Amino acid sequence: MMKIGIDAIACDVAKIHLPIKTLAEARKIDPDKLEKGLGLLQMTLPDYHQDIVVFAANALTKLIAENDIDFHDIARIYVGTESSFDNSKPVASFLITLMEQRFGENSFSECDAVDFTFACIGGIDALHNCIDFVRLNPSKKAIVVTTDIAKYDLNSTGEYTQGAGAIAMLIASNPRIMAFENLWATNIKGVFDFFKPLRTIQKSSITGNYNNDTWFDNLEATIDIHKEQPVFDGQYSNQCYVDRIRNAYFSFKKLKNTDQVLHASWQSIIMHLPYAFQGRRMLPEIYILDAEPNIVFGDESAEERQELCKRASKSDAYKTFVEEKLMPAERASSLIGNLYTGSIFLGLLSTLSHFENLEKDISNATFGFLAYGSGSKSKVFEGTVQLEWKNSISSVKLFETLAKSHEIDFKTYERLHKKEQKESVLQPEKEWVLDRIETEIPNLIGARYYKWVD
(Lines give C-alpha, C1' and ligand atoms only; values in the text may rest on other atoms or scores of the structure.)
Protein backbone atom coordinates (compact mmCIF):
# COMPACT_ATOMS: atom_id res chain seq x y z
CA MET A 1 0.00 0.00 0.00
CA MET A 2 1.30 3.45 -0.93
CA LYS A 3 2.36 5.59 2.01
CA ILE A 4 1.65 9.33 2.25
CA GLY A 5 2.99 11.73 4.86
CA ILE A 6 5.71 14.11 6.01
CA ASP A 7 8.93 13.78 4.03
CA ALA A 8 10.84 16.78 5.44
CA ILE A 9 10.34 19.48 8.05
CA ALA A 10 11.89 22.85 8.94
CA CYS A 11 11.10 25.54 11.48
CA ASP A 12 11.78 29.17 12.27
CA VAL A 13 11.00 30.48 15.73
CA ALA A 14 11.56 33.92 17.18
CA LYS A 15 15.19 34.37 18.25
CA ILE A 16 14.44 36.46 21.33
CA HIS A 17 12.70 35.37 24.51
CA LEU A 18 11.59 36.56 27.92
CA PRO A 19 12.19 34.15 30.82
CA ILE A 20 8.90 33.18 32.42
CA LYS A 21 10.43 33.86 35.81
CA THR A 22 11.04 37.49 34.77
CA LEU A 23 7.41 37.87 33.71
CA ALA A 24 6.14 36.16 36.87
CA GLU A 25 8.12 38.45 39.14
CA ALA A 26 6.96 41.56 37.26
CA ARG A 27 3.34 40.41 37.50
CA LYS A 28 3.65 39.33 41.16
CA ILE A 29 2.94 35.68 40.29
CA ASP A 30 4.68 32.79 42.03
CA PRO A 31 7.18 31.55 39.38
CA ASP A 32 6.60 27.94 40.45
CA LYS A 33 2.95 28.26 39.42
CA LEU A 34 4.05 28.89 35.84
CA GLU A 35 7.26 26.87 35.67
CA LYS A 36 6.25 23.75 37.61
CA GLY A 37 2.49 24.07 37.28
CA LEU A 38 2.22 24.85 33.56
CA GLY A 39 5.67 23.80 32.34
CA LEU A 40 6.60 27.27 31.09
CA LEU A 41 10.25 28.37 31.04
CA GLN A 42 10.47 30.94 28.23
CA MET A 43 8.20 32.73 25.80
CA THR A 44 9.46 33.79 22.38
CA LEU A 45 8.56 37.12 20.83
CA PRO A 46 8.76 38.59 17.33
CA ASP A 47 11.50 41.15 16.81
CA TYR A 48 10.79 44.55 15.23
CA HIS A 49 11.46 43.26 11.69
CA GLN A 50 9.39 40.08 12.00
CA ASP A 51 5.79 39.11 11.31
CA ILE A 52 4.00 35.90 10.30
CA VAL A 53 5.13 36.17 6.67
CA VAL A 54 8.75 36.50 7.80
CA PHE A 55 8.55 33.39 9.99
CA ALA A 56 6.76 31.41 7.27
CA ALA A 57 9.18 32.49 4.53
CA ASN A 58 12.20 31.65 6.70
CA ALA A 59 10.86 28.18 7.50
CA LEU A 60 9.93 27.53 3.87
CA THR A 61 13.31 28.75 2.58
CA LYS A 62 15.07 26.37 4.99
CA LEU A 63 12.82 23.49 3.93
CA ILE A 64 13.59 24.02 0.24
CA ALA A 65 17.32 24.69 0.64
CA GLU A 66 18.10 21.98 3.20
CA ASN A 67 16.23 19.28 1.28
CA ASP A 68 17.20 20.26 -2.27
CA ILE A 69 13.54 20.39 -3.31
CA ASP A 70 12.74 20.76 -7.00
CA PHE A 71 10.19 23.59 -7.21
CA HIS A 72 8.52 21.97 -10.20
CA ASP A 73 7.45 19.03 -8.02
CA ILE A 74 5.48 21.32 -5.68
CA ALA A 75 1.82 21.45 -6.65
CA ARG A 76 0.57 23.46 -3.69
CA ILE A 77 1.63 25.53 -0.71
CA TYR A 78 -1.12 25.56 1.89
CA VAL A 79 -0.84 27.72 4.99
CA GLY A 80 -2.48 27.29 8.38
CA THR A 81 -2.68 30.49 10.44
CA GLU A 82 -4.94 32.44 12.75
CA SER A 83 -2.76 35.56 12.72
CA SER A 84 -3.50 36.86 9.23
CA PHE A 85 -3.44 40.63 8.82
CA ASP A 86 -5.42 40.75 5.55
CA ASN A 87 -9.03 39.69 4.94
CA SER A 88 -8.37 39.10 1.25
CA LYS A 89 -4.72 38.40 0.40
CA PRO A 90 -3.55 35.11 1.95
CA VAL A 91 -0.17 34.54 3.56
CA ALA A 92 0.36 31.82 0.95
CA SER A 93 0.41 34.42 -1.84
CA PHE A 94 3.15 36.35 -0.04
CA LEU A 95 5.16 33.13 0.17
CA ILE A 96 4.88 32.52 -3.57
CA THR A 97 6.24 36.02 -4.21
CA LEU A 98 9.15 35.67 -1.77
CA MET A 99 10.13 32.19 -2.95
CA GLU A 100 10.29 33.51 -6.51
CA GLN A 101 12.46 36.40 -5.33
CA ARG A 102 14.79 33.87 -3.77
CA PHE A 103 14.71 30.98 -6.23
CA GLY A 104 13.76 32.50 -9.57
CA GLU A 105 10.91 34.33 -11.31
CA ASN A 106 7.90 32.12 -12.13
CA SER A 107 9.46 29.15 -10.31
CA PHE A 108 6.19 28.70 -8.39
CA SER A 109 3.76 30.23 -10.88
CA GLU A 110 1.87 26.96 -11.41
CA CYS A 111 1.66 26.16 -7.70
CA ASP A 112 -1.71 26.38 -5.93
CA ALA A 113 -1.77 28.44 -2.71
CA VAL A 114 -4.36 29.17 -0.04
CA ASP A 115 -4.75 29.77 3.71
CA PHE A 116 -6.73 27.63 6.19
CA THR A 117 -8.24 29.30 9.24
CA PHE A 118 -9.81 27.44 12.15
CA ALA A 119 -7.94 28.68 15.22
CA CYS A 120 -5.14 26.31 16.20
CA ILE A 121 -6.31 23.38 14.05
CA GLY A 122 -5.94 25.22 10.73
CA GLY A 123 -2.53 23.63 10.09
CA ILE A 124 -3.95 20.14 10.61
CA ASP A 125 -6.73 20.98 8.16
CA ALA A 126 -4.08 22.00 5.62
CA LEU A 127 -2.16 18.77 6.29
CA HIS A 128 -5.31 16.66 5.94
CA ASN A 129 -6.15 18.33 2.62
CA CYS A 130 -2.62 17.96 1.24
CA ILE A 131 -2.40 14.29 2.25
CA ASP A 132 -5.65 13.59 0.38
CA PHE A 133 -4.30 15.49 -2.64
CA VAL A 134 -1.04 13.51 -2.76
CA ARG A 135 -2.94 10.25 -2.24
CA LEU A 136 -4.85 11.05 -5.44
CA ASN A 137 -1.75 12.46 -7.20
CA PRO A 138 1.20 10.39 -5.89
CA SER A 139 3.72 11.93 -8.29
CA LYS A 140 2.98 15.40 -6.88
CA LYS A 141 4.22 17.00 -3.67
CA ALA A 142 2.69 19.61 -1.40
CA ILE A 143 3.96 21.93 1.29
CA VAL A 144 2.16 22.80 4.52
CA VAL A 145 3.27 25.90 6.42
CA THR A 146 1.95 26.97 9.81
CA THR A 147 2.77 30.46 11.02
CA ASP A 148 1.46 32.42 13.98
CA ILE A 149 2.18 34.98 16.63
CA ALA A 150 0.35 34.17 19.85
CA LYS A 151 -0.16 37.55 21.48
CA TYR A 152 -2.27 38.29 24.56
CA ASP A 153 -3.12 41.46 26.42
CA LEU A 154 -0.65 42.63 29.04
CA ASN A 155 -1.64 41.42 32.51
CA SER A 156 -4.11 38.90 31.06
CA THR A 157 -4.27 35.22 32.06
CA GLY A 158 -2.92 34.27 28.64
CA GLU A 159 0.08 36.58 28.72
CA TYR A 160 2.54 33.93 29.86
CA THR A 161 1.59 31.55 27.01
CA GLN A 162 2.78 33.80 24.17
CA GLY A 163 5.05 32.53 21.39
CA ALA A 164 5.98 33.10 17.74
CA GLY A 165 7.23 31.02 14.85
CA ALA A 166 6.52 28.83 11.85
CA ILE A 167 6.81 25.19 10.75
CA ALA A 168 7.13 24.06 7.12
CA MET A 169 6.60 20.46 5.98
CA LEU A 170 6.96 18.63 2.68
CA ILE A 171 4.09 16.20 2.04
CA ALA A 172 4.88 13.37 -0.36
CA SER A 173 4.40 9.71 -1.19
CA ASN A 174 6.96 7.33 0.34
CA PRO A 175 7.78 9.89 3.07
CA ARG A 176 10.98 9.72 5.10
CA ILE A 177 9.61 10.96 8.45
CA MET A 178 6.01 9.91 9.04
CA ALA A 179 3.21 8.17 7.14
CA PHE A 180 -0.47 8.64 7.97
CA GLU A 181 -3.33 6.19 7.73
CA ASN A 182 -6.45 7.32 5.91
CA LEU A 183 -8.45 7.35 9.15
CA TRP A 184 -9.44 10.69 10.65
CA ALA A 185 -12.01 11.28 13.38
CA THR A 186 -13.54 14.73 13.76
CA ASN A 187 -15.68 16.35 16.44
CA ILE A 188 -16.98 19.90 16.03
CA LYS A 189 -19.28 22.36 17.76
CA GLY A 190 -19.69 26.09 17.11
CA VAL A 191 -18.80 27.93 20.33
CA PHE A 192 -17.18 31.17 21.50
CA ASP A 193 -14.41 29.83 23.74
CA PHE A 194 -11.67 31.86 22.00
CA PHE A 195 -12.03 34.16 19.00
CA LYS A 196 -10.69 37.34 17.37
CA PRO A 197 -13.68 39.47 16.35
CA LEU A 198 -13.76 42.87 14.74
CA ARG A 199 -14.41 45.29 17.58
CA THR A 200 -16.58 48.31 16.83
CA ILE A 201 -16.25 51.76 18.36
CA GLN A 202 -17.97 55.03 17.51
CA LYS A 203 -15.84 57.29 15.33
CA SER A 204 -16.91 60.25 17.44
CA SER A 205 -15.27 58.73 20.52
CA ILE A 206 -11.93 59.06 18.68
CA THR A 207 -12.38 62.34 16.84
CA GLY A 208 -14.65 64.18 19.26
CA ASN A 209 -16.67 65.21 16.19
CA TYR A 210 -20.32 64.10 16.00
CA ASN A 211 -20.90 65.17 12.37
CA ASN A 212 -19.42 61.93 10.98
CA ASP A 213 -16.74 63.81 9.05
CA THR A 214 -14.31 61.66 7.06
CA TRP A 215 -11.47 60.38 9.22
CA PHE A 216 -8.50 58.72 7.46
CA ASP A 217 -10.81 57.84 4.54
CA ASN A 218 -13.37 56.23 6.89
CA LEU A 219 -16.83 57.45 5.92
CA GLU A 220 -18.72 55.23 8.36
CA ALA A 221 -19.84 56.47 11.77
CA THR A 222 -18.22 53.42 13.35
CA ILE A 223 -14.66 52.15 13.21
CA ASP A 224 -13.85 48.44 13.15
CA ILE A 225 -10.67 47.51 14.99
CA HIS A 226 -8.89 44.20 14.57
CA LYS A 227 -6.72 43.29 17.56
CA GLU A 228 -4.12 40.56 17.49
CA GLN A 229 -5.16 39.63 21.00
CA PRO A 230 -8.14 37.26 21.36
CA VAL A 231 -11.34 37.33 23.38
CA PHE A 232 -11.30 34.16 25.45
CA ASP A 233 -12.63 32.33 28.48
CA GLY A 234 -9.82 30.11 29.76
CA GLN A 235 -11.89 27.66 31.84
CA TYR A 236 -14.58 27.31 29.18
CA SER A 237 -11.94 26.84 26.48
CA ASN A 238 -10.32 24.07 28.51
CA GLN A 239 -13.67 22.30 28.80
CA CYS A 240 -14.27 22.64 25.06
CA TYR A 241 -10.78 21.24 24.49
CA VAL A 242 -11.55 18.20 26.66
CA ASP A 243 -15.00 17.64 25.15
CA ARG A 244 -13.92 17.85 21.51
CA ILE A 245 -10.80 15.70 21.96
CA ARG A 246 -12.64 13.09 24.06
CA ASN A 247 -15.40 12.73 21.49
CA ALA A 248 -12.98 12.58 18.54
CA TYR A 249 -10.77 10.11 20.43
CA PHE A 250 -13.57 7.60 20.94
CA SER A 251 -14.85 8.15 17.40
CA PHE A 252 -11.36 7.25 16.20
CA LYS A 253 -11.37 4.16 18.40
CA LYS A 254 -14.58 3.06 16.66
CA LEU A 255 -12.95 3.64 13.27
CA LYS A 256 -10.06 1.45 14.38
CA ASN A 257 -12.61 -1.16 15.50
CA THR A 258 -10.59 -2.06 18.58
CA ASP A 259 -11.49 -2.99 22.14
CA GLN A 260 -7.93 -2.43 23.31
CA VAL A 261 -6.78 0.71 25.13
CA LEU A 262 -6.03 2.99 22.20
CA HIS A 263 -3.37 5.18 23.81
CA ALA A 264 -1.48 2.07 24.93
CA SER A 265 -0.63 1.39 21.28
CA TRP A 266 0.97 4.81 20.84
CA GLN A 267 4.68 5.36 21.46
CA SER A 268 4.03 9.10 21.86
CA ILE A 269 1.01 11.36 21.94
CA ILE A 270 1.22 14.64 20.01
CA MET A 271 -1.29 17.31 21.07
CA HIS A 272 -2.02 20.97 20.63
CA LEU A 273 -0.17 22.61 23.52
CA PRO A 274 -1.14 26.24 24.24
CA TYR A 275 1.15 25.74 27.22
CA ALA A 276 3.54 22.86 27.78
CA PHE A 277 1.55 20.92 30.38
CA GLN A 278 -1.88 21.39 28.76
CA GLY A 279 -1.96 17.82 27.47
CA ARG A 280 -1.15 16.16 30.78
CA ARG A 281 -3.73 18.34 32.56
CA MET A 282 -6.51 17.66 30.02
CA LEU A 283 -6.04 13.92 29.40
CA PRO A 284 -6.97 12.23 32.72
CA GLU A 285 -10.61 11.84 31.68
CA ILE A 286 -9.74 10.07 28.43
CA TYR A 287 -7.09 8.04 30.28
CA ILE A 288 -9.69 6.81 32.77
CA LEU A 289 -12.50 6.15 30.30
CA ASP A 290 -10.34 4.12 27.93
CA ALA A 291 -8.20 2.27 30.47
CA GLU A 292 -11.15 1.51 32.77
CA PRO A 293 -14.20 0.85 30.55
CA ASN A 294 -16.42 0.01 33.53
CA ILE A 295 -16.38 3.68 34.52
CA VAL A 296 -19.14 5.61 32.79
CA PHE A 297 -19.36 9.34 33.33
CA GLY A 298 -22.81 10.83 33.29
CA ASP A 299 -24.48 10.69 36.69
CA GLU A 300 -21.59 12.22 38.61
CA SER A 301 -21.64 15.91 39.33
CA ALA A 302 -18.99 18.06 37.70
CA GLU A 303 -17.20 18.23 41.07
CA GLU A 304 -17.17 14.44 41.41
CA ARG A 305 -15.84 13.97 37.90
CA GLN A 306 -13.16 16.58 38.53
CA GLU A 307 -12.13 14.85 41.75
CA LEU A 308 -11.94 11.47 40.00
CA CYS A 309 -9.70 12.91 37.27
CA LYS A 310 -7.57 14.68 39.87
CA ARG A 311 -6.95 11.43 41.73
CA ALA A 312 -6.06 9.67 38.48
CA SER A 313 -3.61 12.43 37.51
CA LYS A 314 -1.72 11.92 40.77
CA SER A 315 -1.38 8.15 40.38
CA ASP A 316 2.00 6.58 39.64
CA ALA A 317 0.56 4.94 36.53
CA TYR A 318 -0.55 8.29 35.09
CA LYS A 319 2.77 9.94 35.94
CA THR A 320 4.55 7.16 34.04
CA PHE A 321 2.11 7.63 31.15
CA VAL A 322 2.96 11.36 31.05
CA GLU A 323 6.71 10.79 31.23
CA GLU A 324 6.71 8.20 28.48
CA LYS A 325 4.10 9.49 26.06
CA LEU A 326 3.69 13.25 26.59
CA MET A 327 6.93 14.71 27.97
CA PRO A 328 8.99 14.56 24.72
CA ALA A 329 6.50 16.86 22.97
CA GLU A 330 6.42 19.25 25.93
CA ARG A 331 10.13 20.05 25.89
CA ALA A 332 10.16 22.54 23.02
CA SER A 333 6.85 24.09 24.07
CA SER A 334 8.40 25.00 27.44
CA LEU A 335 11.10 26.99 25.65
CA ILE A 336 9.03 28.59 22.88
CA GLY A 337 5.45 29.11 24.01
CA ASN A 338 2.27 28.75 21.98
CA LEU A 339 2.60 28.61 18.19
CA TYR A 340 -1.17 28.27 17.65
CA THR A 341 -1.42 26.30 14.36
CA GLY A 342 2.21 25.22 14.65
CA SER A 343 1.95 23.99 18.23
CA ILE A 344 1.05 20.38 17.40
CA PHE A 345 3.77 20.15 14.73
CA LEU A 346 6.30 21.65 17.14
CA GLY A 347 5.29 18.82 19.49
CA LEU A 348 6.05 16.31 16.74
CA LEU A 349 9.43 17.90 15.99
CA SER A 350 10.22 18.10 19.71
CA THR A 351 9.44 14.41 20.14
CA LEU A 352 11.52 13.33 17.15
CA SER A 353 14.43 15.56 18.26
CA HIS A 354 14.15 14.16 21.79
CA PHE A 355 14.57 10.58 20.57
CA GLU A 356 17.28 11.62 18.10
CA ASN A 357 19.30 13.15 20.95
CA LEU A 358 18.82 9.96 22.97
CA GLU A 359 20.05 8.01 19.91
CA LYS A 360 16.92 5.87 20.19
CA ASP A 361 15.52 4.33 17.03
CA ILE A 362 11.74 4.72 16.96
CA SER A 363 11.25 3.53 13.38
CA ASN A 364 7.81 1.94 12.86
CA ALA A 365 6.51 3.41 16.12
CA THR A 366 2.94 4.72 16.06
CA PHE A 367 2.18 8.25 17.26
CA GLY A 368 -1.29 9.40 18.24
CA PHE A 369 -2.30 12.94 17.24
CA LEU A 370 -4.95 14.83 19.23
CA ALA A 371 -5.52 18.16 17.47
CA TYR A 372 -7.72 21.01 18.68
CA GLY A 373 -8.84 24.40 17.46
CA SER A 374 -11.08 26.79 19.35
CA GLY A 375 -14.45 27.56 17.94
CA SER A 376 -14.28 24.45 18.24
CA LYS A 377 -12.98 21.32 16.50
CA SER A 378 -10.81 18.30 17.16
CA LYS A 379 -9.25 15.76 14.83
CA VAL A 380 -7.68 12.50 16.00
CA PHE A 381 -5.48 10.37 13.76
CA GLU A 382 -2.32 8.24 13.75
CA GLY A 383 1.10 8.42 12.14
CA THR A 384 3.85 5.84 11.79
CA VAL A 385 7.52 6.84 12.06
CA GLN A 386 9.47 5.89 8.94
CA LEU A 387 12.91 4.31 8.64
CA GLU A 388 14.70 7.47 7.43
CA TRP A 389 13.28 9.84 10.07
CA LYS A 390 16.67 10.58 11.68
CA ASN A 391 18.36 11.56 8.44
CA SER A 392 15.46 13.76 7.44
CA ILE A 393 15.42 15.83 10.65
CA SER A 394 19.20 15.91 11.20
CA SER A 395 19.56 19.44 9.78
CA VAL A 396 16.84 20.94 12.00
CA LYS A 397 18.82 20.82 15.29
CA LEU A 398 15.83 22.09 17.26
CA PHE A 399 17.20 22.15 20.78
CA GLU A 400 20.63 23.40 19.69
CA THR A 401 18.89 26.34 17.97
CA LEU A 402 16.72 27.10 21.00
CA ALA A 403 19.80 27.14 23.23
CA LYS A 404 21.04 30.16 21.23
CA SER A 405 17.90 32.23 21.86
CA HIS A 406 18.62 35.78 23.07
CA GLU A 407 17.19 36.81 26.44
CA ILE A 408 15.56 40.24 26.68
CA ASP A 409 14.60 42.26 29.74
CA PHE A 410 11.09 43.13 30.85
CA LYS A 411 11.25 46.72 29.61
CA THR A 412 12.18 45.59 26.09
CA TYR A 413 9.37 43.02 26.20
CA GLU A 414 6.75 45.65 26.98
CA ARG A 415 8.10 48.01 24.31
CA LEU A 416 7.85 45.25 21.70
CA HIS A 417 4.38 44.27 22.88
CA LYS A 418 3.11 47.87 22.70
CA LYS A 419 4.90 48.37 19.34
CA GLU A 420 6.92 51.24 20.79
CA GLN A 421 10.20 49.57 19.77
CA LYS A 422 11.52 51.15 16.57
CA GLU A 423 14.56 49.00 15.92
CA SER A 424 15.47 45.33 15.97
CA VAL A 425 16.82 43.75 19.14
CA LEU A 426 18.97 41.45 17.00
CA GLN A 427 20.22 42.53 13.60
CA PRO A 428 18.82 40.16 10.96
CA GLU A 429 21.22 37.86 9.16
CA LYS A 430 20.48 35.33 6.41
CA GLU A 431 16.74 35.72 6.82
CA TRP A 432 13.68 37.51 5.52
CA VAL A 433 12.61 40.82 7.04
CA LEU A 434 9.61 43.10 6.76
CA ASP A 435 11.15 45.93 4.72
CA ARG A 436 8.31 48.46 4.65
CA ILE A 437 4.56 49.03 4.61
CA GLU A 438 3.25 51.41 1.95
CA THR A 439 1.67 54.55 3.39
CA GLU A 440 1.49 57.01 0.46
CA ILE A 441 0.53 55.44 -2.90
CA PRO A 442 -3.30 55.41 -2.78
CA ASN A 443 -3.90 52.07 -4.50
CA LEU A 444 -1.17 50.34 -2.48
CA ILE A 445 -1.91 51.64 1.03
CA GLY A 446 -1.02 48.91 3.49
CA ALA A 447 0.92 46.76 1.03
CA ARG A 448 3.72 44.89 2.83
CA TYR A 449 7.11 44.42 1.21
CA TYR A 450 9.83 42.01 2.28
CA LYS A 451 13.49 41.44 1.47
CA TRP A 452 16.17 38.86 2.10
CA VAL A 453 19.11 39.97 4.27
CA ASP A 454 22.44 38.14 3.86
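Higher on the page you've got the structure.
**Student:** Is there a simple way to think about the packing of helix 7 (residues 234-256) against helix 9 (residues 284-291) in this case?
**Tutor:** When two helices pack together, their arrangement is captured by the angle between the axes and the distance separating the axes. Interhelical geometry of helix 7 versus helix 9 gives an angle of 30 degrees and a closest axis separation of 10 Å. Comparing their axes, helix 9 and helix 7 come out roughly parallel. The element helix 7 and its partner helix 9 pack so that their crossing is right-handed. Along the contact surface, helix 7 presents Val242, Ile245, Arg246, Tyr249, Phe250 and Lys253, while helix 9 presents Glu285, Ile286, Leu289 and Asp290. Its residues assigned to classes, the contact of helix 7 with helix 9 shows 6 nonpolar, no polar and 4 charged.

**Student:** Explanation requested: the layout of surface pockets in the structure shown.
**Tutor:** One simple way to see leftover space: roll a probe sized like a water molecule over the atoms. Considering only enclosed or pocket space, the second largest pocket measures out at about 1,500 Å³ in volume. Considering the residues around the second largest pocket, the lining is formed by 44 residues, among which Asn238, Tyr275, Gln278, Arg281 and Met282 are closest to the centre. Residue composition of the lining of the second largest pocket, by class: 18 nonpolar, 15 polar and 11 charged.

**Student:** Please clarify how the environment of Ile177 should be interpreted in this entry.
**Tutor:** Topologically, Ile177 is positioned in the loop between strand 7 (163-173) and strand 8 (178-180). Along the backbone, Ile177 and Glu388 are 211 residues apart, and their C-alpha atoms lie at a distance of 6.3 Å.

**Student:** I tried to follow the nonpolar core on my own but got confused; where do I start?
**Tutor:** One recurring pattern in soluble globular proteins is that nonpolar side chains are buried together. Grouped together as the largest cluster of nonpolar side chains are 50 residues, with contacts concentrated most on Ile124, Leu127, Ile171, Phe367, Phe369 and Leu398. Core analysis: the next-biggest nonpolar cluster, separate from the first, contains 43 residues, Val242, Leu262, Val322 and Ile408 among them.

**Student:** Explain the side chain of Ser173 to me, please; I cannot follow it from the model alone.
**Tutor:** With respect to the helices and strands, Ser173 occurs in strand 7. Here Pro138 takes part through its backbone oxygen, which lies 2.9 Å from a polar atom of the side chain of Ser173.

**Student:** Looking at this structure, how should I read empty space enclosed by the protein?
**Tutor:** Per the counting criterion, the structure on display carries 2 cavities of 30 Å³ or more. Quantified by volume, the largest cavity comes out at close to 50 Å³. Around the largest cavity, the lining residues are Ile269, Ile270, Met271, Leu273, Gly279, Arg280, Leu326, Ala329 and Glu330. In terms of residue class, the lining of the largest cavity is built from 6 nonpolar, 1 polar and 2 charged. Lining the second largest cavity, in full, are Tyr249, His263, Trp266, Ile269, Leu283, Ile286, Tyr287, Phe321 and Leu370. Grouping the constituent residues of the lining of the second largest cavity by class yields 8 nonpolar, 1 polar and no charged.

**Student:** How should unusual backbone geometry be read in this particular structure?
**Tutor:** The phi torsion of most residues other than glycine is negative, and most of the peptide bonds are trans. Omega for the bond connecting Gly375 with Ser376 falls within 30 degrees of zero, at -5 degrees, which places this linkage in the cis form. Tracing the backbone shows Ser376 in the loop between strand 15 (366-373) and strand 16 (377-385). With a phi close to 55 degrees, Asn257 is a non-glycine residue in the positive phi region. If you trace the backbone, Asn257 turns up in the loop between helix 7 and strand 14 (268-271). When its relative accessible area of 71% is taken as the criterion, Asn257 is described as exposed.

**Student:** Sorry if this is basic, but what is going on with helix 3 (residues 52-66) here?
**Tutor:** Because each turn of an α-helix spans 3.6 residues, side chains separated by three or four positions end up pointing in the same direction. Helix length check: helix 3, at 15 residues, gives a terminal C-alpha distance of 21 Å against a target of 21 Å (1.5 Å per residue), a fit within 8%. Counting buried positions over the 15 residues of helix 3 gives 12, a clear majority of the element. Burial in helix 3 covers these residues: Ile52, Val53, Val54, Phe55, Ala56, Ala57, Asn58, Ala59, Leu60, Thr61, Leu63 and Ile64. If you check the start of helix 3, you find a side-chain oxygen 3.1 Å away from the backbone N of Val53, and it comes from Asp51.

**Student:** Just to check I follow, could you spell out the pairing of strand 14 for this structure?
**Tutor:** Consecutive residues of a regular strand have side chains that alternate between opposite faces of the sheet. Side chains of strand 14 alternate between two faces, with Ser268 and Ile270 and Ile269 and Met271 buried alike. Sheet topology note: the strand 14/strand 15 ladder contains 4 bridges and is parallel. Directly across from Ser268, in strand 15, lies its bridge partner Phe367.

**Student:** In this structure, what is going on with the sheet that holds strand 3 (residues 42-45)? I would like to understand it.
**Tutor:** Pairing between the strands of a sheet is mediated by backbone hydrogen bonds and can be parallel or antiparallel. Read across the open sheet, the 3 strands follow the order 3-2-17; overall the sheet is mixed. Of all the strands in the sheet, the pair left with one neighbour each is strand 3 and strand 17 (406-407). Two strands pair when backbone bridges link them, and strand 2 (residues 16-19) and strand 17 are joined in this way by 2 bridges, in the parallel orientation. Opposite His17, over in strand 17, you have Glu407 as the bridge partner.

**Student:** Could you clarify how one ought to interpret helix 12 (residues 343-357) in this entry?
**Tutor:** When the terminal C-alpha atoms of helix 12 are compared, their 21 Å separation across 15 residues agrees well with the 21 Å that a helix rising 1.5 Å per residue should span. Helix 12 sits mainly inside the fold: 13 of its 15 residues count as buried. Just beyond helix 12, the residue with positive phi is Glu359, at close to 55 degrees.

**Student:** Looking at this model, I keep getting lost on the packing of aromatic side chains. Mind explaining?
**Tutor:** Two measures describe an aromatic ring pair: the distance that separates the ring centres and the angle between the ring planes. Tallied over the entire structure, the rule returns 23 aromatic pairs. For the pair Tyr152 and Phe194, a centre-to-centre distance of 6.4 Å together with 65 degrees between the ring planes defines the contact as edge-to-face. Of this pair, Tyr152 sits in the loop between strand 6 (141-150) and strand 7 while Phe194 sits in strand 10 (residues 194-195); the two residues are 42 residues apart in sequence, bridging distant segments of the chain. Given a relative accessible area of 6%, Tyr152 falls into the buried group. The class for Phe194 is buried, based on a relative accessible area of 10%. Within the aromatic cluster, the residues linked to one another by ring pairs are Tyr152, Phe194, Phe232 and Tyr340. Above the plane of the ring of Phe94 lies Lys89, whose end atom (NZ or CZ) is 4.7 Å from the centre.

**Student:** In this structure, what is going on with the side chain of Asp125? I would like to understand it.
**Tutor:** Position of Asp125 among the secondary structure elements: in helix 5 (residues 122-136). A relative accessible area of 11% places Asp125 in the buried class.

Basis of the calculations
- Residues numbered from 1 in each chain as written.
- Predicted model: local features only at pLDDT ≥ 70, side-chain atom pairs only at ≥ 80, totals over all residues.
- Heavy atoms only, no water.
- Axes fitted to C-alpha atoms, helices over the stretch in contact; angles between N-to-C directions.
- Helix = DSSP H or I, 4+ residues; strand = E, 2+ residues; numbered from the N terminus.
- Parallel < 35°, antiparallel > 145°, perpendicular 65-115°, else oblique.
- Left-handed = near helix turned anticlockwise from the far one by under 90°.
- Contact = heavy atoms within 4.5 Å.
- Nonpolar A, V, L, I, M, F, W, Y, C, P; charged D, E, K, R; others polar.
- 1 Å grid on protein atoms, 1.4 Å probe; cavity = no way out; pocket = protein on both sides within 12 Å on 5 of 7 lines; lining within 4 Å.
- Points joined across faces, edges and corners; volume = space filled by probe spheres on them.
- Core = buried A, V, L, I, M, F, W, Y, C linked by side-chain atoms within 4.5 Å.
- Buried < 20%, exposed > 50% of the residue type's maximum accessible area, 1.4 Å probe, protein only.
- Polar contact = N/O pair within 3.5 Å; in protein donor to acceptor, adjacent residues only side chain to side chain.
- Expected span 1.5 Å × (residues − 1).
- Pairing = 2+ DSSP bridges.
- Phe/Tyr/Trp six-rings, centres within 6.5 Å; stacked < 30°, edge-to-face > 60°.
- Lys NZ or Arg CZ within 6 Å of the ring centre and 35° of its normal.

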